[in-house]
Amino acid sequence: MSRKASENVEYTLRSLSSLMGERRRKQQEPDAASTAGERSLLAAAESSASLQGAGAGGGGVGDLERAARRQFQQDETPAFVYVVAVFSALGGFLFGYDTGVVSGAMLLLKRQLSLDAMWQELLVSSTVGAAAVSALAGGALNGVFGRRAAILLASALFTAGSAVLAAANNKETLLAGRLVVGLGIGIASMTVPVYIAEVSPPNLRGRLVTINTLFITGGQFFASVVDGAFSYLQKDGWRYMLGLAAIPAVIQFFGFLFLPESPRWLIQKGQTQKARRILSQMRGNQTIDEEYDSIKNNIEEEEKEVGSAGPVIFRMLSYPPTRRALIVGCGLQMFQQLSGINTIMYYSATILQMSGVEDDRLAIWLASVTAFTNFIFTLVGVWLVEKVGRRKLTFGSLAGTTVALIILALGFLLSAQVSPPITFKPISPLGQNTTCTRYSYCNECMLDPDCGFCYQMNKSTVIDSSCVPVNKASTNEASWGRCENETKFKTEEVFWAYNFCPTPYSWTALLGLILYLIFFAPGMGPMPWTVNSEIYPLWARSTGNACSSGINWIFNVLVSLTFLHTAEYLTYYGAFFLYAGFASVGLLFIYGCLPETKGKKLEEIESLFDNRLCTCGASDSDEGRYIEYIRVKGSNYHLSDNDASDVE
Ligand SMILES: O[C@H]1[C@H](O)[C@@H](O)[C@H](O)[C@@H](O)[C@H]1O
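Residues numbered from 1 in each chain as written. Predicted model: local features only at pLDDT ≥ 70, side-chain atom pairs only at ≥ 80, totals over all residues. Heavy atoms only, no water.

Remarks on the state of the cysteines
And then number 1: Enumeration according to the criterion identifies 4 disulfides in this entry.
And then number 2: Two residues, C454 and C483, share a disulfide whose sulfurs are 2.0 Å apart. Measuring the twist about the S-S bond at about 85 degrees, one finds the C454-C483 disulfide to be right-handed. With a gap of 29 residues between them, C454 in strand β1 (residues 451-458) and C483 in the loop between β2 (461-469) and α21 (486-492) connect regions that are remote in the sequence. (Disulfide = S-S within 2.5 Å. Helix = DSSP H or I, 4+ residues; strand = E, 2+ residues; numbered from the N terminus.)

In structure tokens:
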């Protein structure tokens, strides 16, 4: 093929790709029209290329294009990108570990340090509260100091917090340690998905960001195993549980000393030379010119369009596409928490006990089966995200979650309906007033956190049942009476139920629990994080993620802190019906407002929010559309005129 012909083709394809890569200029321009425009441009380029090829001696350009296409398909993502993703996702692991481990640690801690209910609650929720604050503040941190610095800070906080916790000698020090760890979790939760999204190639972005949630659920599973293992070590077992997190934190810290900054952030800060080098490293044998140009053009255009004056959050709110993206991002995070995932995880031991598992330790181990199910099905999400896309995966997942919540609620409802009556009212020892002995049915007794149900079994019927106060130091036994201790359980042949009632319908709740995790884990678990990492333009990315992660943590605290009270007022089944109601509203929201971002370049995604909010359901037919950018010629690494600024 003649040189001239090949130059022409390169020119045509180059102008074509820059035309397509260009962000939508007019926000009023309808999506469908421009899509059609892009399609016809592609077709036009293809026909002009083959015409030129024919003119230049037959089939040359066709060959060239085919070769380019082959090359494009063969391009392999360098292992380095995976290394970077895995090291970053250690942040997710720590997030999961530190939020998961506390329930097991608390069982031992409350005995050893005689913690009352307020202190127990404080130690659990202080971490989540601190995470909310630092996630919100993490936006500014990320914007000014970069993603790498934020991740380094998060791992330093994790390490310091874990060391303080392992060495703590009183509850105040424990609280300080939990706060420090919480600050680390918040920063990691908002930075890691952004960082991974910014270094990933578009075709792998969803999968790599979803790996972060896989690490979160992996951390929760590992925490439950550690809890089980150290629960045998009654004295100081909690020190190991809380302190072990320092190991992955140190690994991440040292790893990140050698890992690079996000090239997109560097370009934004004008360090273009360094950015090119890192981008080349991340893309291996693929050309980076087009990606680099498109990031750069994008930043310049955005600065022109949105300006750079005033706080980012105000600019985001006054610019319709980012305002819509923010609503979608925060909405997704809010509905993730409102569907009750953390209540399910936290109370899985209780739900399992309800289904007939009476041994406490067995329930702790079975809770790790719950965490394992959450982990394994997140893996299904990692596999599905690039196949079915974010929108279908999230919608399908939430639909299944809603059904599972209804089954779970029905399980509790049935159990309450056939709740065994209280047939035996013991007299409390002198000076011990209690409300427990006033209840007439087990389900009333179970909803009172101060009381437990003590009963005997005659074949499969509950007999001689009473409601008595629970031992404050251990919910495994009553504070007095027939269920006072293990020895009495044997001599009196009684059983003790705290937080549940023995009924023949408990399996329904177990079925609901399993279905819940199977549906929630692949979609609603990871997608809010994944989608948020990609829907904001660069200038708004850290702030957007800070806000949405903050919302996630705020709703996390609200839902988990209010669960027991909600259950007290609405009963258990009422609480799960309420979550099912929230999840149904979430379904409408996702159907109407969540666009598909699969396969798109980060720079193109903003245009998905050009249209009025809640019109996404209408553009479903466009979902399968995929535009492939092919560069025929180009070099990976060269100095451009403006790059002289930061040559090292
Ligand atoms: O995506 C994660 C994941 O689903 C976890 O299991 C849950 O505990 C978190 O709250 C959530 O943000």
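Considering the environment of V385
And then number 1: The residue V385 is located in helix α18 (residues 360-388) in this model.
And then number 2: The class of V385 is buried, set by a relative accessible area of 0%.
And then number 3: Each C-alpha atom of the pair V385 and V144 lies 31 Å from the other, and the pair is 241 residues apart in sequence.
And then number 4: Sequence-distant contacts of V385, defined by excluding residues within four places in its chain, comprise G206, R207, T210, R390, L393, M527 and K598. (Buried < 20%, exposed > 50% of the residue type's maximum accessible area, 1.4 Å probe, protein only. Contact = heavy atoms within 4.5 Å.)

Quick look at empty space enclosed by the protein
Rolled over the atoms, a probe as big as a water molecule pinpoints where empty space is left.
And then number 1: Enumeration over the complete set of coordinates arrives at 4 cavities of 30 Å³ or more.
And then number 2: Taken as a whole, the largest cavity holds about 50 Å³ of empty space.
And then number 3: In terms of lining residues, the largest cavity is bounded by 11 residues, among which N298, E302, P537, L538 and E603 are the most central.
And then number 4: Contributions of two or more residues to the lining of the largest cavity are made by α13 (289-306), α24 (538-593) and α25 (602-605).
And then number 5: The dominant element in the lining of the largest cavity, judged by the number of residues it contributes, is α13, at 4 residues.
And then number 6: Within the lining of the largest cavity, the residues separate by chemical class into 5 nonpolar, 1 polar and 5 charged. (1 Å grid on protein atoms, 1.4 Å probe; cavity = no way out; pocket = protein on both sides within 12 Å on 5 of 7 lines; lining within 4 Å. Points joined across faces, edges and corners; volume = space filled by probe spheres on them. Nonpolar A, V, L, I, M, F, W, Y, C, P; charged D, E, K, R; others polar.)

Things to note about the sheet that holds β1
And then number 1: Pairing is antiparallel across the open sheet formed by 3 strands, whose spatial order is β2-β1-β3. Only two strands of the sheet have a single partner each, and these edge strands are β2 and β3 (495-497). In this sheet, adjacent strand axes meet at a mean angle of 30 degrees when their direction is disregarded.
And then number 2: Of the strand pairs in this sheet, β1 and β3 are connected by 3 bridges, and their pairing is antiparallel. Residue pairing in the sheet places Y455 in a bridge with F495 of β3. (Pairing = 2+ DSSP bridges. Axes fitted to C-alpha atoms, helices over the stretch in contact; angles between N-to-C directions.)

What about α24?
Because each turn of an α-helix spans 3.6 residues, side chains separated by three or four positions in sequence point in the same direction.
And then number 1: Taking 1.5 Å per residue as the helical rise, α24 with its 56 residues ought to reach 82 Å, whereas the 21 Å between its terminal C-alpha atoms falls clearly short.
And then number 2: Along α24, the sharpest kink reaches roughly 110 degrees, centred on L570. (Expected span 1.5 Å × (residues − 1). Bend = angle between axes of the 7 residues up to and from the residue.)

A few points about unusual backbone geometry
And then number 1: Although it is not a glycine, S114 adopts a positive phi angle of roughly 45 degrees.
And then number 2: Mapping S114 onto the fold places it in the loop between α4 (79-112) and α5 (117-145).
And then number 3: For K459, which is not glycine, the phi dihedral falls at a positive 55 degrees.
And then number 4: By the element assignment, K459 lies in the loop between β1 and β2.
And then number 5: For K459, a relative accessible area of 80% puts it in the exposed group.

Notes on the site of the ligand
And then number 1: Around the ligand lies a shell formed by T213, T217, Q220, Q336, Q337, N342, N374, F520, G525, W529, N552 and N556.
And then number 2: Interatomic distance of 2.8 Å between a side-chain N/O atom of Q220 and an oxygen atom of the ligand.
And then number 3: Here the ligand loses 99% of its free accessible area of 300 Å² to cover by the protein chains.
And then number 4: Among the secondary structure elements, those contributing two or more residues to the shell around the ligand are α8 (202-230), α15 (320-338) and α24.
And then number 5: With 3 residues, the single largest contributor to the shell around the ligand is α8.
And then number 6: Residue composition of the shell around the ligand, grouped by class: 2 nonpolar, 10 polar and no charged. (Near = heavy atom within 4 Å. Polar contact = N/O pair within 3.5 Å; in protein donor to acceptor, adjacent residues only side chain to side chain. Areas by Shrake-Rupley, 256 points an atom, 1.4 Å probe, with all protein chains shown as cover.)

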